[in-house]
There are 2 protein chains.
Amino acid sequence: MAAKTLQDLFVHMLSDIYSAEKQLTKSLPKMAKAATNPELSQAFKTHWEETNNQVARIDEVVEICSLKLKRMKCAAMEGLIEEGDEVVQEIEKGPVLDAALIAAAQKVEHYEIASYGTLCVFGKHLGLDEAVRLLKETLAEEKVTDEKLTMLAESETNPEAARQ
Amino acid sequence: MAAKTLQDLFVHMLSDIYSAEKQLTKSLPKMAKAATNPELSQAFKTHWEETNNQVARIDEVVEICSLKLKRMKCAAMEGLIEEGDEVVQEIEKGPVLDAALIAAAQKVEHYEIASYGTLCVFGKHLGLDEAVRLLKETLAEEKVTDEKLTMLAESETNPEAARQ
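Owing to the predicted nature of the structure, the values given are computational and were not obtained by experimental measurement.

Each value, and the rule that gives it
Residues numbered from 1 in each chain as written. Chains lettered and ligands numbered in written order. Predicted model: local features only at pLDDT ≥ 70, side-chain atom pairs only at ≥ 80, totals over all residues. Heavy atoms only, no water. Helix = DSSP H or I, 4+ residues; strand = E, 2+ residues; numbered from the N terminus. Rg over C-alpha atoms; globule rule 2.2 N^0.38 Å. Buried < 20%, exposed > 50% of the residue type's maximum accessible area, 1.4 Å probe, protein only. Areas by Shrake-Rupley, 256 points an atom, 1.4 Å probe, with all protein chains shown as cover. Lys, Arg positive; Asp, Glu negative; His and termini not counted. Charge placed at Lys NZ, Arg CZ, Asp CG, Glu CD. Least-squares fit on C-alpha atoms with pLDDT ≥ 70 in both. Contact = heavy atoms within 4.5 Å. Disulfide = S-S within 2.5 Å. Buried area = accessible area lost by both parts, 1.4 Å probe. Salt bridge = Lys/Arg side-chain N within 4 Å of Asp/Glu carboxyl O. Axes fitted to C-alpha atoms, helices over the stretch in contact; angles between N-to-C directions. Parallel < 35°, antiparallel > 145°, perpendicular 65-115°, else oblique. Nonpolar A, V, L, I, M, F, W, Y, C, P; charged D, E, K, R; others polar.

Draft legend 1. Region of the structure containing the overall build of chain A. Looking only at helices and strands, chain A features 5 helices and 0 strands. The C-alpha atoms of chain A give 17 Å as radius of gyration, which agrees with the globular expectation for 164 residues (15 Å, within 12%). With respect to the three principal axes, the spread of C-alpha positions in chain A is 55 × 25 × 20 Å. The proportion of buried residues among the 164 residues of chain A is 58%. Element-wise, carbon and sulfur atoms account for 52% of the exposed surface of chain A, whose accessible area totals about 7100 Å². In chain A, which carries 19 positive and 29 negative side-chain charges, the distance between the mean positions of the two groups comes to 5 Å.

Draft legend 2. Region of the structure containing the relation of the copies chain A and chain B. Mapping chain A onto chain B calls for a screw motion: a turn of 180° about the axis and a shift of 0.0 Å along it, with 0.0 Å RMSD after fitting. Between the two chains, the operation in question is that of a two-fold axis. Both copies present the same face, since 100% of the interface residues in chain A are matched by interface residues at the equivalent positions in chain B.

Draft legend 3. Seen up close, the state of the cysteines. As enumerated under the stated definition, the model contains 0 disulfides over all chains in all. Residue C65 of chain B stays outside any disulfide, its sulfur separated by 12 Å from that of C120 of chain B, the closest cysteine.

Draft legend 4. Broad picture of the interface of chain A and chain B. Listed per partner, the contact involves 43 residues of chain A and 43 residues of chain B. A combined buried area of about 3400 Å² lies between chain A and chain B, and 64% of that area is made up of carbon and sulfur atoms. Between the two partners, chain A and chain B, sit 4 salt bridges. Considering each element in turn, the side of chain A that touches chain B owes the most residues, 16 residues, to helix α4 (residues 95-125) of chain A.

Draft legend 5. Layout of the packing of helix α1 (residues 6-34) of chain A against helix α3 (residues 75-90) of chain A. All names here are of chain A. Where α1 contacts α3, the two axes come as close as 10 Å, and the packing angle between them is 10°. By the angle between their directions, the pair α1 and α3 is classed as roughly parallel. Between α1, through A20, Q23, L24, S27, K30 and A34, and α3, the contact on the second element is made entirely by M77, E78, I81, D85 and V88. Split by residue class, the contact of α1 with α3 holds 6 nonpolar, 2 polar and 3 charged.

Draft legend 6. Representation of the pattern of salt bridges. Under the criterion given, the structure shown has 16 salt bridges over all chains. Its salt-bridge partner being K124 of chain A, residue E154 of chain B comes within 2.5 Å of it at the nearest N-O pair. Of this pair, E154 of chain B sits in helix α5 (residues 129-162) while K124 of chain A sits in helix α4, on two different chains. Through salt bridges with shared partners, a single ionic network connects R57, E130, R133, E137 and E141 of chain A.

So this is what it looks like as structure tokens:
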């Protein structure tokens, strides 16, 4: 890593979340397929589209700020996706799997909320205003996705799963 | 995993966060040692004590609800700690490392916030009222730690790191 300045750290964290988002674009279609509840399946599909846009948004930040991302694999997202895969493989289709998928997805969202939150703050200190504007859009989307999943869990999948 | 019911899933997620907290008790003293800012170092020490209490609280939940936790290693926390270790090894002591330590710690806090949030909701549906009361105490502590880290970053480490 060898980060000596806040800008080095900003680039490192941006490279990390870029890897995380890329990993997620491969995972979300599997989650959409595994979900039984049609609204949940649709929420994963919608978030897959958003995630692709978020990757493009990072490309935009890189271009605007003339940065060079590092090739790296986000280890935390690897672990988070491993948890999600385990859930899909080991629980039968139905409301309990749906509840487990939401739990796994909310952990992913929280990883991203923490990451983009820090990136926005670092960007502000570095005077990267246009980058901050773009990253704040993504941060807002991640928060909305997390809230949407909470509502879906409480209104549908959790009560159904509790009856199993 | 073979979770068939919401209770199975509750036990699985409780086993996961138990492993996560145990891993964290080994990581926080290293983070406290690596921090330059004395308030940050103290925040990690305080959270180390809290984390030990949180492990004991899970033991209490297990006893009250007559559950049996599974031996497992939380892969996501493994990845999160790997990120924190990398930071400690590769950045020189000083404000940039402090900013990186806070970023890593906030990702950990967000993992825990997502986990305990889901556990509280599952517990409510399962009628495990006493467990929910205990888990909500931990959830509140994690949120306070996250906010404390944000304040410390904004008032001290980020402005210092930006001047490097």
